[in-house]
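# A structural walkthrough
The residues making up each chain are set out below.
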Amino acid sequence: MTAREARTPFHFLGCWELAEVLGRRAWDERELLEHLEEVPLDSIYYHTHSVFLRERAPAPYPNDFATWAAIQVRDRVLGEKLGILDPEDFTDLDAIRTELVSLIDEHLSEVRSVPRVMFGQPFHFMQSRVLEIPTGVKVRTLAQFRDAVAEADLGVLYLHVVEARGRKGRRRNDFATWLGDHLGLVDLAAAVARLTASPLGLEAFRQRLVALCDAALAGGR
Amino acid sequence: MVTLDDYRAMVPSGTIDMLRRLSERVRGRRLVHVSATRDAGGVAEILQGLVPLLEETGVESAWETLDGDGAGPALGAALHRALQGGEEPVAAGVFDEYRAFVRRRAATTALAGDVVVTHDALPLGLVEVRGPEGQWVWRCHLDVSRPQRRAWAFLRPFLVQYDAAVFSLPAFAQRLPIPQFMMYPAIDPLSDKNRELTPREVDAVLGRLGVPQDVPILLQVGRFDRFKDPLGVVEAYRLVKRHHECRLVLVGSAETDDPEGAELSAEVRDAAARDPDIHVLALGSHQAIEVNALQRAATIVFQKSTREGFGLGVAEAMWKSKPVIAGFAGGITAQIVYGVTGFTVNSVEGAAFRARQLLVDPELRVRIGTAAREHVRQHFLITRHLGDTLALAASLLA
């Protein structure tokens, strides 16, 4: 079965992210909350999803809000509460915004004074423009797919996994869709659909995806 | 001539192919960069590498400068100090002089392009003569997080005529009615300042400069500017010297039209006068290999800035796997992940303490140096800057 060739190849797309500054900044957790209620959804996306594209820079939590609270404000409690938030658990960005606001609001009701930056840096709200770029790589078999994934730039994984679900609202990541719909590997597709970038990041995602492909190739599934 | 493929071995895999694909979106368009000068400073270094690479990817590129006008350097220095929050108010007459300068240069500078990028304050005002065609972008390399209000109020009306602004850090963004992008500057690993040198080349350069390598070298490279705090580096060195044999090398610019720079240079030489282990060198912009060799020979590199646009000297030293101790200022905080890729400090004492720690712990120096180089490879090489520039042009022209 793994030798089968898809009639429709998988075209690997990469991307380049252009970061845009909104000029809004928060010096304390209440300001963070107030801005969160007002910023464009693209900004929520940037700080919760695009962070995977920048994962080469070490950060303690998988979203910028949690990292800021923990490192710059030195409020580890809020950092931990926000850090557990997994974008995959939400149907859309509005739902993520609601959850963030609710978590911070609840936290502020439990502290005597509003935690603020004393020696660190304020939170800067950003958003980004993501330009899709064809890589020229297209594959038709599982073996070719596996090798291409192993070599792909992080931006390729980001586009087909995080953007596909988070921004484009697709039901499954692009890899799972192609493996199931075009290569007919239904079990593998289901396993790949369960893989997420959070919390370990896209390099870990890549390793698990390659391992799943290797197992399928070895087992002839 | 250097080509994009020459960078393939040193950048993250897939980057070069991605850049070639990205450039297809802008191919056939004309980009015009305008900067104060071609010969000196971080902006000139960036454009010396960037413009030929843009050309090579098929994007017609021109680089215009405002050299050759006697008023330019002092005017630029005064405005930059004010934009970076210097305490001394802008002298009377500077704003009128700037308007006259811009009018003169607008008449003699070729500004026709699909995207026109002006760099820093001096060419900012050229936007007054823009036509209906083309997208205009102001690229600010300065730390404008706390500008002098009067200077900012004077320049802002020029800025709002642009289609976009680009800053080196989110903290530098301002309240503006135009899109503001964030783009880290970058170093060119194949330039004379950063290319690999053999030990023999390094030895020869240091011999020529009269800097012995018998004890560890602490180094700071940067023009003599109070924001770079060279006197603070001397103080930190003296605290270190009580416990460790070492020498300090301070490298400033040999070409300065800035009277304040000359004054500070004299103060630095005075502070160093009675210590034969302090070497104060004035190097010209053509002496990039000398800077390269000094950075490679150094045990520890300082960049003790109190205000900094980005501080490319930090990335240069990190690329050479050197542990850097730098002020907690501007773009330095993006380059140095505390304790991982270097140390940021907030005082003379902090700088001295970290220097002592690094001097006695060679393993720490290696660990930080290795992480520092990788951090630069991922984020601060010219190929990433090229990609950002192409993406910006593609986005504005779409």
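Residues numbered from 1 in each chain as written. Chains lettered and ligands numbered in written order. Predicted model: local features only at pLDDT ≥ 70, side-chain atom pairs only at ≥ 80, totals over all residues.

So, about helix α5 (residues 93–110) of chain A. Residues three or four positions apart in an α-helix share a direction because the helix packs 3.6 residues into each turn. Residue and element names in this part refer to chain A. Over its 18 residues, α5 runs 26 Å from end to end, which matches the ideal 26 Å to within 8%, given 1.5 Å per residue. Within the sequence span of α5, burial applies to Leu 93, Ile 96, Arg 97, Leu 100 and Ile 104. Considered in projection along α5, the buried side chains sweep an arc of 100° and stay on one side of the axis. α5 presents Asp 94, Ala 95, Ser 102, Glu 106, Ser 109 and Glu 110 as exposed residues on the side facing more than 90 degrees away from its buried surface. The inward-facing, buried residues of α5 contact α1 (29–38), α2 (41–48), α3 (64–72) and α4 (76–83). (Helix = DSSP H or I, 4+ residues; strand = E, 2+ residues; numbered from the N terminus. Expected span 1.5 Å × (residues − 1). Buried ≥ 20, exposed ≤ 12 C-beta atoms within 10 Å, placed from the backbone. Arc of directions from axis to C-beta. Contact = placed C-beta atoms within 7 Å.)

So, about the environment of Met 1 of chain B. By secondary structure assignment, the location of Met 1 of chain B is in the segment before α1 (15–23). Separated by 145 residues in sequence, Met 1 of chain B and Arg 146 of chain B have C-alpha atoms that sit 41 Å apart.

On the chain B side, the residues contacting the 20 residues of chain A number 27 residues. When contributions to the side of chain A that touches chain B are tallied by element, the ones reaching two or more residues are β1 (10–26) and β2 (123–139) of chain A. Taken together, the residues that form the side of chain A that touches chain B break down as 10 nonpolar, five polar and five charged. Two strands pair when backbone bridges link them, and β1 of chain A and strand β6 (residues 180–182) of chain B are joined in this way by three bridges, in the antiparallel orientation. The residue of β6 of chain B that forms the bridge with Glu 20 of chain A is Phe 181 of chain B. (Nonpolar A, V, L, I, M, F, W, Y, C, P; charged D, E, K, R; others polar. Pairing = 2+ DSSP bridges.)

Looking now at the domain arrangement of chain A. Residues and elements named next belong to chain A. Parsing chain A into structural domains produces domain 1 (10–14 + 131–219) and domain 2 (19–126). One C-alpha centre belongs to domain 1, the other to domain 2, and the line joining them spans 28 Å. Facing the 12 residues of domain 1 at the interface are nine residues of domain 2. Tallying contributions element by element places helix α7 (residues 154–166) first for the side of domain 1 that touches domain 2, with five residues. Class assignment for the residues of the side of domain 1 that touches domain 2 results in six nonpolar, five polar and one charged. (Domains from an automatic or database assignment.)

With that settled, consider the sheet that holds strand β7 (residues 217–221) of chain B. All names here are of chain B. One open sheet accounts for six strands, arranged β9-β8-β7-β10-β11-β12; its pairing is parallel. Of all the strands in the sheet, the pair left with one neighbour each is β9 (278–283) and β12 (343–345). When strand polarity is set aside, the average angle formed by the axes of neighbouring strands in this sheet is 20°. As defined by bridge partners, strand β8 (residues 247–253) adjoins β9 across six bridges and the pair is classed as parallel. The partner of Leu 248 across the bridge, within β9, is Ile 278. Set on the sheet, helix α12 (residues 348–360) makes contact with β7, β10 (300–303), β11 (324–327) and β12; between it and β12 the angle comes to about 155°. (Axes fitted to C-alpha atoms, helices over the stretch in contact; angles between N-to-C directions.)

One open sheet accounts for eight strands, arranged β2(A)-β1(A)-β6(B)-β5(B)-β4(B)-β3(B)-β1(B)-β2(B); its pairing is mixed. Edge strands, defined here as strands with exactly one partner in the open sheet, are β2 of chain A together with β2 (60–65) of chain B. Looking at each pair of strands side by side, their axes are set apart by 25° on average, direction ignored. Across three bridges, strand β4 (residues 135–139) of chain B lies against strand β5 (residues 164–167) of chain B in parallel orientation. In the strand pairing of β5 of chain B, Val 137 of chain B is matched with Ala 164 of chain B.

Residue and element names in this part refer to chain B. Taken N-terminus to C-terminus, the directions of helix α2 (residues 41–56) and helix α14 (residues 382–397) make an angle of 60°; their axes are 10 Å apart at the nearest point. Classified by the angle between their axes, α2 and α14 sit oblique to one another. Like other packed secondary-structure pairs, α2 and α14 cross with a definite hand, here right-handed. On the side of α2, the interface is formed by Gly 49, Leu 50, Leu 53 and Leu 54, while α14 contributes Ile 382, His 385, Leu 386 and Thr 389. Tallied by class, residues from the contact of α2 with α14 come to five nonpolar, three polar and no charged. (Parallel < 35°, antiparallel > 145°, perpendicular 65-115°, else oblique. Left-handed = near helix turned anticlockwise from the far one by under 90°.)

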